[in-house]
Amino acid sequence: MTINRRHLLTTTAAAVLAATLGSYAHAADVTLNIGYQPIVEPSRVPQADGDYEKATGAKISWHKFDGGADVVAAIASGSIDIGYVGSSPLAAAASRELPIEAIYVVGNISEAEALAVKGIDKPEDLKGKKIATPFVSTSHYSLLTALKHWNIDPKTVQILNLRPPEIAAAWERGDLDGAYVWDPVLSQIKKNGKILATSGDVAKWGGPTFDAWIVSKKFADAHPDVVTSFVQVTGKAYASYHADPASWNASSPQAAKIAKLTGAKPEEVPELLKGYYFPTLKEQASAQFLGGDTVKAIAQTSAFLLEQGKVPAVLKDYAPYVNAKFVTDAAKTGL
């Protein structure tokens, strides 16, 4: 990070003091806009506790979004710097060559996203039915992948573009036959519906999905220490969960904080956390994640989106849109 030394810093002592404290002082002048989604995962806890502000020294403004496509649009417009997205919006953004980088894989999606239906017993019954999902989301990608696996033409299904809160309302009104969506809305609608397929199933059919934190390259280049601190705090939250998952029970302060930020009920939080595999900070830079497979997954998702007409073209190389440097630097803290 560039240190802003004013003309008054003329003595050697002042220069030494600036070198020691300048980075933090400059960070304190930084406004970091973060776009999050109300998804049940460990980093909601440090978000609630103000740990990101303490670690980065930046003034943080949190912005809630209901879908990854909106997060990507906000980063593209410059209104947020770091955002939470699924692999499908990430692939769409990279394919359009937006200046973003994936800096942390939140988790591989398994039971946390699924296709819930009413009055439908088998995949063939989906034809002609109203199925909602947020377009260009991981759920949308998984729905299309599932239909392809079942040899069902998407054009024979009425696929509606609705955000999670809209899906919950439409489901309660009885306007939908099904929806592919994520928790906590998924946990709500499946109470009077049945699960036809989960994203864990879809992963086995060749369509793995994941969530990730992305950053504007402009912000990352200007404030690398702030981004590294953000990653450190996120990794610490994951380490805390992995150390004792049982302590994150329904009556725990962690569950209460997560519930407040996501709309889930505290008693639902422990089970919802099991819907993901949360990689540790040390795993992040491995070949299984940012060090290799994340790039491959983005390329694979992009190819599918091109096939579906959701992106104009695919790139020869998606590596520039994945940056393991921040997790590598953050891991040096010993988390």
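Throughout, residues of each chain are indexed from 1 in the direction in which the sequence is written. Reporting of local features is limited, given that this is a predicted model, to residues whose pLDDT is at least 70; pairs of side-chain atoms are given and counted only at 80 or more, and all residues count toward the totals for whole chains, interfaces and linings. As a convention, hydrogens and water are excluded, and side-chain values are obtained from all of the structure's heavy atoms.

J.: Run through the packing of aromatic side chains, naming residues and quoting values.
T.: Only the six-membered ring of Trp is used, alongside the rings of Phe and Tyr, when aromatic pairs are assigned; centres must lie within 6.5 Å, and planes under 30 degrees apart are stacked while those over 60 apart are edge-to-face, with the rest tilted. For the structure shown, the criterion picks out 12 aromatic pairs. Ring centres 6.1 Å apart and planes at 75° place the aromatic pair Tyr36 and Trp62 in the edge-to-face group. Taken as a pair, Tyr36 in strand β1 (residues 31-36) and Trp62 in strand β2 (residues 59-64) lie far apart in primary sequence, 26 residues in all. Only protein chains enter the accessibility calculation, which uses a 1.4 Å probe; a residue whose area is less than 20% of its type maximum is buried, one above 50% is exposed, and one in between is partly exposed. Of the residues examined, Trp62 reaches a relative accessible area of 22% and is grouped as partly exposed. Judged by centre distance (5.9 Å) and plane angle (90°), the rings of Tyr241 and Phe278 are edge-to-face. Taken as a pair, Tyr241 in helix α11 (residues 224-243) and Phe278 in the loop between β11 (276-277) and α14 (281-284) lie far apart in primary sequence, 37 residues in all. Phe278 shares its class with Tyr241; the two are buried. Aromatic ring contacts, followed pair by pair, group Tyr36, Tyr52, Trp62, Tyr84, Trp213 and Phe230 into a single cluster. Geometry around Trp171 places Lys118 over its ring, the cationic atom sitting 4.4 Å from the centre. The positively charged end of Lys217 is found above the aromatic ring belonging to Tyr321, 4.7 Å away from the centroid. Secondary structure elements follow DSSP: runs of H or I no shorter than four residues count as helices, runs of E no shorter than two count as strands, and numbering proceeds from the N terminus. A ring is considered to have a charge above it if a Lys NZ or an Arg CZ atom is located within 6 Å of its centre and within 35 degrees of its normal.

J.: Give a detailed account of the packing of helix α5 (residues 87-95) against helix α15 (residues 293-307), specifying residues and quantitative values.
T.: Helices that pack against each other are described as a pair by the angle of their axes relative to one another and the distance between those axes. For the pair α5 and α15, the least separation of the axes is 9 Å and the interaxial angle reads 80°. If you check the angle between α5 and α15, you find them roughly perpendicular. On α15, the residues that touch Ser87, Ser88, Leu90, Ala91, Ala92, Ala94 and Ser95 of α5 are Ile298, Thr301, Ser302 and Leu305. Counted by class, the contact of α5 with α15 contains 6 nonpolar, 5 polar and no charged residues. Helix axes are fitted only over the stretch in contact, all axes being lines through C-alpha atoms; the angle between N-to-C directions runs from 0 to 180 degrees. Put simply, angles under 35 degrees are roughly parallel, angles over 145 are roughly antiparallel, angles from 65 to 115 are roughly perpendicular, and the rest are oblique. Whether two residues are in contact is decided by their heavy atoms: any pair within 4.5 Å suffices. Three classes are used: nonpolar for Ala, Val, Leu, Ile, Met, Phe, Trp, Tyr, Cys and Pro, charged for Asp, Glu, Lys and Arg, and polar for all others, with Gly counted as polar.

J.: How would you summarise the side chain of Asp211 if you had to cite specific residues and measurements?
T.: Within the secondary structure, Asp211 sits in strand β10 (residues 210-216). For Asp211, which is buried and forms no salt bridge, the nearest opposite charge comes from Arg44, at a distance of 8.1 Å. The residues touching Asp211, leaving out its near neighbours within four places in the chain, are Ile39, Tyr84, Val85, Gly86, Tyr104, Val105, Val106, Gly107, Ile109, Thr138 and Tyr276. Counting rule for charge: Lys and Arg are taken as positive, Asp and Glu as negative, and neither His nor the chain ends is counted. Only one rule defines a salt bridge in this text: a Lys or Arg side-chain nitrogen within 4 Å of an Asp or Glu carboxyl oxygen.

J.: How would you explain the pairing of strand β4 (residues 100-109) if you had to name every residue and give the values?
T.: Burial of β4 is extensive: 9 of the 10 residues sit out of reach of the surface. In short, DSSP must find at least two bridges between two strands for them to pair. The pairing of β4 with β10 spans 7 bridges and is antiparallel. If you follow Ile100 over to β10, its bridge partner there is Ser216. Bridge count for β4 against β11 is 2 bridges, and the pairing is antiparallel. Bridge pairing links Asn108 to Tyr277 in β11.

J.: Account for the sheet that holds strand β6 (residues 130-133), naming residues and giving values.
T.: Within the open sheet, the 5 strands sit side by side as β7-β6-β8-β5-β9. Their pairing is mixed. Both outer strands of the open sheet, β7 (158-161) and β9 (194-198), are each paired with one neighbouring strand and no more. For this sheet, the mean angle separating the axes of adjacent strands, direction not counted, is 25°. The pairing of β6 with β7 spans 4 bridges and is parallel.

J.: Lay out the nonpolar core in plain terms, naming residues and giving numbers.
T.: Each nonpolar core is a collection of buried residues, namely Ala, Val, Leu, Ile, Met, Phe, Trp, Tyr and Cys, held together in the definition by side-chain atoms within 4.5 Å. Judged by nonpolar contacts, the single largest core of 87 residues is most densely connected at Trp213 and Val231. For this core, the element with the highest residue contribution is α11, accounting for 8 residues. Grouped together as the second largest cluster of nonpolar side chains are 19 residues, Tyr141, Trp150, Ile152 and Val202 included.

J.: Describe the packing of helix α6 (residues 138-149) against α15, with residues and values.
T.: Where α6 contacts α15, the two axes come as close as 11 Å, and the packing angle between them is 70°. In terms of orientation, α6 lies roughly perpendicular with respect to α15. Contacts between α6 and α15 involve Tyr141, Leu144, Thr145 and Lys148 from the first element and Gln300, Thr301, Phe304 and Glu307 from the second. Considering only residue class, the contact of α6 with α15 consists of 3 nonpolar, 3 polar and 2 charged.

J.: Please set out unusual backbone geometry residue by residue, giving values where relevant.
T.: In terms of backbone geometry, most residues other than glycine have negative phi values and most peptide bonds are trans. Following Asp183, the chain continues into Pro184 via a peptide bond in cis, with omega recorded as 10°. Checked against the element boundaries, Pro184 lands in the loop between β8 (178-182) and α8 (185-189). You will see that Asn151, though not glycine, has its phi angle at about 60°, which is positive. With respect to the helices and strands, Asn151 occurs in the loop between α6 and β7.

J.: Can you lay out the environment of Val157 for me, pointing to particular residues and giving the numbers?
T.: Locating Val157 in the fold gives a position in the loop between α6 and β7. Among the residues examined, Val157 registers a relative accessible area of 8% and is labelled buried. Sequence spacing of Val157 and Thr31 is 126 residues, and the spatial spacing of their C-alpha atoms is 45 Å. Not counting chain neighbours up to four residues away, the residues in contact with Val157 comprise Leu126, Lys127, Gly128, Lys129, Ile131, Leu147 and Ile152.

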